[in-house]
Amino acid sequence: MQTFLANYWPHIAAALTLCVQALAASHAILHKRDSRSAIGWVGLIWLAPLVGALLYTMFGINRIRRKARLLRDQTARRPRTAAEVRSSDQLQQLLGPEGRHLENLAHMVGEVTKLPLLAGNRITPLEHGTRAYPAMLDAIEHAERSIALATYIFNSDALGDRFATALEQAVERGVQVRVLVDDIGSRYKLPPILWRLHRNGVPAARFLPAFLPVFVPYFNLRNHRKILVVDGRIGFTGGMNIRECGAEEAEGAPSDTCHAMNDLHFKVEGPVVAQLAAAFAEDWEFTTGENLQGDLWRREIEPCGSVLARGIADGPDEDRDKLRLSILGALACARRSVKIVTPYFLPDASLITALNVARLRGVEVDILLPQVNNLTMVQWASTAQLWQVLEYGCRVWYTAPPFDHTKLMVVDGLWTLLGSGNWDARSLRLNFEFDVECYDADLHAQMEQLIATKLRRARQVTLAEVDSRSLPVRLRDGVVRLMAPYL
């Protein structure tokens, strides 16, 4: 036997290598939806024997299979609530003849999400950390029954300490608290805040622990959602993490300071808060196995405002493509104007086509991006793509420093999309996000005013400017763009 192995081990190793590569390549061919992604992985697998298969096993396979589907099944079977019944009539009244085309968008998003559009909500914009964090802390400090908090980044800095203290005090009052932090997001500042929370009796968990021992900000399949639900009736969502960066209003602040960041968050009240709570409960059950049921966590809420709203949970599992399809639907339905504010703009071919088709139909399309990005390679890759929307007449604007982390989309004076999602592959394909679509003229007017303020300090980017970059810069940007799905 030893003689046989000594004589034939190279052939055995080659055969095993061939089998491993064939299995990995077959898996990529069968399971990758994007043909370009499948081609890239198959090429890497065969061109880099064993290493390619190992990389595909580590980074190319989506192992996310959600366990918390009970709530969805219950939602599909239960009778319509009063808020759902009212929403249909109120939507027609709100839209009127000028906005009747957006009924198709509401129907389409309902088909995609399998969630109802709910009437009777109040959505309050909270610009900058100076408004958002005090409101969130006040809600935590006055909690009587339950607190559910999910965030991508929860730093162990001065702001994080304030939140940790408020959560610990809530536990001492007898409030049921659950805190979910993404594993990579928990490593932005050491020691992780979860150590303190565990030590002080706050139930907390890390979402999808990564096997890498070091901090890797570009690691995918992350929970990028920002959800806070207090007593099952008050919610917060948007783009803000819990960190000192963004804790102060950044207007006029030097761009190299930690606090130099503009951002936008929202306080949510009304029946749609139940959809925020449901998204948190699903993430929590997936992570810990604990099923958060009952009125302690979710309850029917009386109407308190005029906004019709619906949550859009998106992720690389059963929720795949829900946010991207909702955005495509909005672009297809738009008739007058589309305004987009995003910190990271790396849209795929379908989104680029939809933006250009909207513009060619006569829709005014404005895209606001930060002039100075906090992720340099993302800015390079984004610049390499701008010509694709500029050449068809979409307007691109660079907002003045400091860095703007706002995520917002408004359409035709009535439809607003807010939440955690960016216009890049990580948000639209690889990470877990939560957004809310809203139908309301007053909320839309507030968002239009906010965007108008940004535009006053912005400068328009032209196709000539993008084309005038030097050859080395264009090559640099183009090479980085090839990595766009993983930036």
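Details of the structure are given in the entry above.
Cut-off values and rules
Every residue gets a number counted from 1 within its own chain, in the order that chain's sequence is written. Given that this is a predicted model, residues contribute local features only at a pLDDT of at least 70 and side-chain atom pairs are listed and counted only at 80 or more, while totals for whole chains, interfaces and linings are drawn from all residues. With hydrogens and water stripped out, all remaining heavy atoms of the structure feed into the side-chain values. In this text, helices come from DSSP runs of H or I with a minimum length of four residues, and strands from runs of E with a minimum of two, each type numbered from the N-terminal end. For every residue, the accessible area obtained with a 1.4 Å probe (protein chains only) is divided by the maximum for its type, and the residue is called buried under 20%, exposed over 50%, and partly exposed between those limits. Contacts are residue-level and defined by heavy atoms, with any inter-residue pair within 4.5 Å sufficient. Surface accessibility follows the Shrake-Rupley procedure with a 1.4 Å probe radius. Residue values consider only the protein chains on display as shielding. Aromatic pairing here means that ring centres of Phe, Tyr or Trp (its six-membered ring) are within 6.5 Å. Orientation follows from the plane angle: under 30 degrees is stacked, over 60 is edge-to-face, and everything else is tilted. Helix span is expected to be 1.5 Å times the residue number reduced by one. Angles run from 0 to 180 degrees between N-to-C directions of axes, and those axes are lines fitted to C-alpha atoms, restricted for helices to the stretch in contact. Roughly parallel means an angle under 35 degrees; roughly antiparallel, over 145; roughly perpendicular, 65 to 115; everything else is oblique. Handedness of a crossing is defined here by the sense of rotation of the near helix relative to the far one, left-handed for an anticlockwise turn of less than a right angle and right-handed for a clockwise turn. Criterion used throughout: strands pair if DSSP finds at least two bridges between them. The working definition used for a salt bridge is a side-chain nitrogen of Lys or Arg within 4 Å of a carboxyl oxygen of Asp or Glu.

(A) Structural detail: the overall build of the protein chain. Across its full length, the protein chain carries 18 helices and 17 strands. Within the protein chain, the fraction of its 487 residues that count as buried is 55%. Of all intrachain contacts in the protein chain linking residues separated by at least 6 positions in sequence, the fraction that spans at least 24 positions is 81%. With the model as given, the accessible surface of the protein chain reaches about 20900 Å², and the carbon-plus-sulfur share is 57%.

(B) Examining the packing of aromatic side chains more closely. A complete count under the given rule lists seven aromatic pairs for this structure. Aromatic pair Tyr133 and Phe163: ring centres 6.0 Å apart, planes at 85°, arrangement edge-to-face. Residue Tyr133 is found in helix α7 (residues 128-141), and its partner Phe163 is found in helix α8 (residues 158-172); the two are separated by 30 residues along the sequence. Given the relative accessible area of 3%, Tyr133 is considered buried. For Phe163, a relative accessible area of 0% translates into the label buried. Taken together, the aromatic side chains of Phe207, Phe286 and Phe432 make up a single cluster linked through ring pairs.

(C) Region of the structure containing helix α11 (residues 322-333). Helix length check: α11, at twelve residues, gives a terminal C-alpha distance of 16 Å against a target of 16 Å (1.5 Å per residue), a fit within 8%. Counting buried residues in α11 gives ten out of twelve residues, a clear majority hidden from the surface. For α11, the complete set of buried residues consists of Lys322, Leu323, Arg324, Ser326, Ile327, Leu328, Gly329, Ala330, Leu331 and Cys333.

(D) Representation of the side chain of Lys339 within the structure. Looking at where Lys339 falls in the secondary structure, it is placed in strand β10 (residues 337-341). Judged by its relative accessible area of 15%, Lys339 is buried. Those residues in contact with Lys339 that sit more than four places away from it in its chain are Asp366, Leu408, Met409, Val410, Glu448 and Ile451.

(E) A look at the environment of Leu115. Residue position: Leu115 is located in the loop between α6 (102-113) and β1 (118-127). With 195 residues separating them in the primary sequence, Leu115 and Arg310 have C-alpha atoms 7.1 Å apart.

(F) Spotlight on the packing of α11 against helix α12 (residues 349-360). Where α11 contacts α12, the two axes come as close as 9 Å, and the packing angle between them is 15°. With respect to each other, α11 and α12 are oriented roughly parallel. Crossing hand, α11 versus α12: left-handed. Every residue of α12 that contacts α11 at Arg324, Ile327, Leu328 and Leu331 is listed here: Ser350, Leu351, Ala354, Leu355 and Ala358.

(G) Spatial organisation of the pairing of strand β6 (residues 234-238). Most of β6 sits out of view: five of its five residues are buried. Here β6 shows a buried face lined by Ile234, Phe236 and Gly238 and a second buried face lined by Gly235 and Thr237. Relative to β6, strand β5 (residues 227-230) is paired through four bridges, and the arrangement is antiparallel. Across the sheet, Val229 pairs through a bridge with Gly235, a residue of β6. In sequence, β5 turns back onto β6 through a hairpin of three residues, with Asp231 there showing a positive phi of about 60°.

(H) Main features of the pattern of salt bridges. Applying the stated criterion across every chain, the model contains 20 salt bridges. Note that Asp182 is salt-bridged to Arg222, the shortest N-O span being 3.0 Å. Of the two residues, Asp182 sits in strand β3 (residues 176-182) while Arg222 sits in the loop between β4 (204-207) and β5, which places them 40 residues apart along the sequence. Each of the salt bridges in this network shares a partner with another, and the network as a whole consists of Asp161, Glu168 and Arg196.

(I) Quick look at the environment of Arg299. Here Arg299 shows up in the loop between α10 (273-288) and β9 (307-314). It is 9.1 Å that separates the C-alpha atoms of Arg299 and Val273, two residues lying 26 residues apart in sequence. Other than its neighbours up to four places away in sequence, Arg299 contacts Arg145, Asp231, Gly232 and Arg233.

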